[in-house]
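# Structure assessment
Spelled out from the first residue to the last, the chains are:
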Amino acid sequence: MAFIIAGLIGAMFDAFAWGLAITGISYITWHYLQLRKLHIWLKNPDLKDPPDSYGLWGAIFDDVFRLQNRQKKSRKRLKAVIRRVQDSTTALRDGVLMVNNNGELEWWNESAGRLLGLKEQHDIGHPITNLVRAPEFKEYFEHSQYDTPLEIPSPVNHEQILQITLTLFGKKDRLIVCRDITHMKQLEAMRHDFIANASHELRTPLTVISGYLETFIEYKDQVPSRWGRALDQMHQQSQRMENLINDLLMLSRLESGHDLQHVKVPMPAVLKRIQNDALELSAGKHTITMECESVDIIGNESELCSAFSNLIFNAIKYTPDGGEVHIKWFKDHKGLNLSVQDNGLGIDSMHIPRLTERFYRADPSRHSETGGTGLGLAIVKHVLLRHDGQLEVKSAIGKGSTFTCHLPASRAA
Ligand code: ADP
């Protein structure tokens, strides 16, 4: 419109082109000035209200102003949420850390700083493995398999034990949670010590009692016959108590985590010995067969011997007379394996996951006949754990069971 009027006025004075040119320049200058106003306004956050204008520019300023206000409100809301999350994590007794996909520390709460000795500002952006220098932590962090938590001494206080749990999120970022478990460890140690000490103290009086009972039984014909049966039962029960104490001592030794010497264990010879003991226990009531590859293993002989004999003796105890027990020691692509297969009573599948718990019995009525301690499979589990192995149980009621110990190929001698 302005251009038409300018053109007409210009034409009246015989300067049509000049009219158009002057109007065009004024129009562009005005737009430039509005654009500049917008630029200055956007660059200067202190200027709150939009610049005065009209027409199209006035509408643009109003729209931008409205958008800005909306953005400010949502930013405020987000800040409040972040502050709340930060406040709640600060109040946590567990340490929480966020590490980016390069392994650099991004954020941590107060407890994490206290437990790991991190310094605000100074440690931000540094690789976490440089700040927590325990080699086990570095290995665990780089492994990317965080199913089980890691326990390490605190870098600040070596008497404090920390449990570290790692979770992957986003693009290989990691969330680390660290918890002080010193008190729990102390209680656990107290429990172990108590069981070990009590078992140890009970052993001596029990040995004396069983010794005397054995002597009495030797002269059974000299005592009244009604005492004979009582003596037999007392002797039997004292032997059960001795077995129980020996198993408890063995378990507490295994749990104490003391590393025994690991040497080459001649498996064929060890298994032959256990097979002979099993034949004696079975007293000809079972068929016991064995297949044994000539592969030796690196480990602790007495621990392995105790685990394997527990499995083989169980197979005899829980297989009725006339049954078969097959022992197989073999190597396959996964590693070394010892399987003990029987065609005995079998176990209901609901009991299988709990069999390695202490004193857990699949069928309590059976154990009164077998006289077991209920600790055998717990011992097997601990021995295997100490040899980086695991136990697999397959069983069906009335059909029999197969207990297989899987050990890593790296343990082959
Ligand atoms: P126990 O001293 O009672 O034998 P274990 O820890 O050795 O204790 O075994 C736990 C339970 O597992 C046993 O009570 C028994 O019910 C079951 N069990 C173990 N081995 C066998 C087997 N070969 N066949 C059937 N049941 C078994």
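Keep in mind the model is a prediction, meaning the values are calculated, not measured.

Cut-offs used in this document
Residues numbered from 1 in each chain as written. Predicted model: local features only at pLDDT ≥ 70, side-chain atom pairs only at ≥ 80, totals over all residues. Heavy atoms only, no water. Helix = DSSP H or I, 4+ residues; strand = E, 2+ residues; numbered from the N terminus. Buried < 20%, exposed > 50% of the residue type's maximum accessible area, 1.4 Å probe, protein only. Contact = heavy atoms within 4.5 Å. Areas by Shrake-Rupley, 256 points an atom, 1.4 Å probe, with all protein chains shown as cover. Lys, Arg positive; Asp, Glu negative; His and termini not counted. Charge placed at Lys NZ, Arg CZ, Asp CG, Glu CD. Near = heavy atom within 4 Å. Polar contact = N/O pair within 3.5 Å; in protein donor to acceptor, adjacent residues only side chain to side chain. Nonpolar A, V, L, I, M, F, W, Y, C, P; charged D, E, K, R; others polar. Patch = residues over 30% accessible without salt bridge, like charges linked within 9 Å, V, L, I, M, F, W, Y side chains within 5 Å. Salt bridge = Lys/Arg side-chain N within 4 Å of Asp/Glu carboxyl O. Pairing = 2+ DSSP bridges. Axes fitted to C-alpha atoms, helices over the stretch in contact; angles between N-to-C directions. Domains from an automatic or database assignment. Core = buried A, V, L, I, M, F, W, Y, C linked by side-chain atoms within 4.5 Å. pLDDT = per-residue confidence, 0-100.

Broken down by element type, the protein carries twelve helices and twelve strands. A principal-axis box enclosing the C-alpha atoms of the protein has dimensions of 150 × 40 × 40 Å. Counting all 413 residues of the protein, 36% fall into the buried class. Pairs at least 24 residues apart make up 56% of the contacts formed inside the protein by residues separated by at least 6 positions. Summed over its atoms, the accessible surface of the protein is roughly 26,100 Å², and 56% of this surface lies on carbon and sulfur atoms. For the protein, the distance from the average site of its 48 positive side-chain charges to the average site of its 49 negative ones is 8 Å.

It is worth spelling out the environment of Ala196 at this point. Note on placement: Ala196 falls in helix α7 (residues 182-218). Separated by 60 residues in the primary sequence, Ala196 and Ser256 have C-alpha atoms spaced 9.9 Å apart. With residues near it in sequence (within four places) discarded, Ala196 still touches Leu249 and Ser252.

The subject of this paragraph is the site of the ligand. Around the ligand there are 20 residues in total, and Asn314, Tyr318, Thr373, Gly374 and Leu377 lie nearest to it. Within the contact set of the ligand, a nitrogen atom lies 3.4 Å away from a side-chain nitrogen or oxygen of Ser401. Looking at which element gives the most residues to the shell around the ligand, the answer is helix α10 (residues 301-317), with three residues. In the shell around the ligand, the residues fall into nine nonpolar, six polar and five charged.

A cluster of nonpolar side chains, namely Ile5, Ile9, Met12 and Phe13, defines an oily patch on the protein surface of about 470 Å² accessible area. Examined against the element boundaries, Ile9 turns out to sit in helix α1 (residues 2-12). Its relative accessible area of 43% is what places Ile9 among the partly exposed residues.

Here five strands make up an open sheet; going across it, the order is β7-β9-β10-β12-β11 and the pairing mixed. Each end of this open sheet is capped by a strand with a single partner; those strands are β7 (287-292) and β11 (390-396). Within the sheet, the average angular offset between the axes of one strand and its neighbour, ignoring direction, is 10°. As judged from the six bridges shared by β7 and strand β9 (residues 324-332), these two strands associate in the parallel manner. In the sheet register, Cys292 faces β9, and the bridge partner there is Trp329. Along the sheet face, helix α9 (residues 267-282) touches β7, β9 and β10 (335-342) and points at about 175° away from the line of β7.

Time to look at the domain arrangement of the protein. According to the domain assignment, the protein contains domain 1 (2-40 + 51-86), domain 2 (92-180), domain 3 (195-255) and domain 4 (263-411). Centre-to-centre, using C-alpha coordinates, domain 1 lies 101 Å away from domain 3.

One finds Ile297, Phe308, Trp329, Leu338 and Leu355 to be the most contacted residues of the largest nonpolar core, which totals 43 residues. Among the secondary structure elements, those contributing two or more residues to this core are α8 (225-255), α9, α10, β9, β10, α12 (376-386) and β12 (400-408). For this core, the element with the highest residue contribution is α10, accounting for eight residues. Taken together, domain 3 (195-255) and domain 4 (263-411) each give at least three residues to this core, which thus spans both. Each residue touching Phe308, except ones within four places of it in the same chain, is listed here: Met267, Leu271, Ile274, Leu338, Cys405 and Leu407. Core analysis: the next-biggest nonpolar cluster, separate from the first, contains 23 residues, Ala112, Tyr140, Leu166 and Ile176 among them.

Attention shifts here to the confidence of the model for the protein. Averaged over all residues, the pLDDT of the protein equals 89, while 96% of them reach at least 70. Least confident of the elements in the protein is helix α11 (residues 364-370), whose mean pLDDT is 64; most confident is β12, at 97.

Structurally, Thr129 can be placed in helix α5 (residues 128-131). Classification of Thr129 as buried rests on a relative accessible area of 15%. Excluding its chain neighbours within four sequence positions, the residues that come into contact with Thr129 are Phe137, Lys138 and Phe141.

Glancing now at the pairing of strand β4 (residues 161-169). Relative to β4, strand β3 (residues 150-153) is paired through four bridges, and the arrangement is antiparallel. Each bridged residue has a counterpart across the sheet, and for Glu151 the counterpart in β4 is Gln163. For β4 and strand β5 (residues 173-180), the ladder comprises eight bridges, and the chain directions are antiparallel. Bridge pairing in β5 places Leu166 opposite Ile176.

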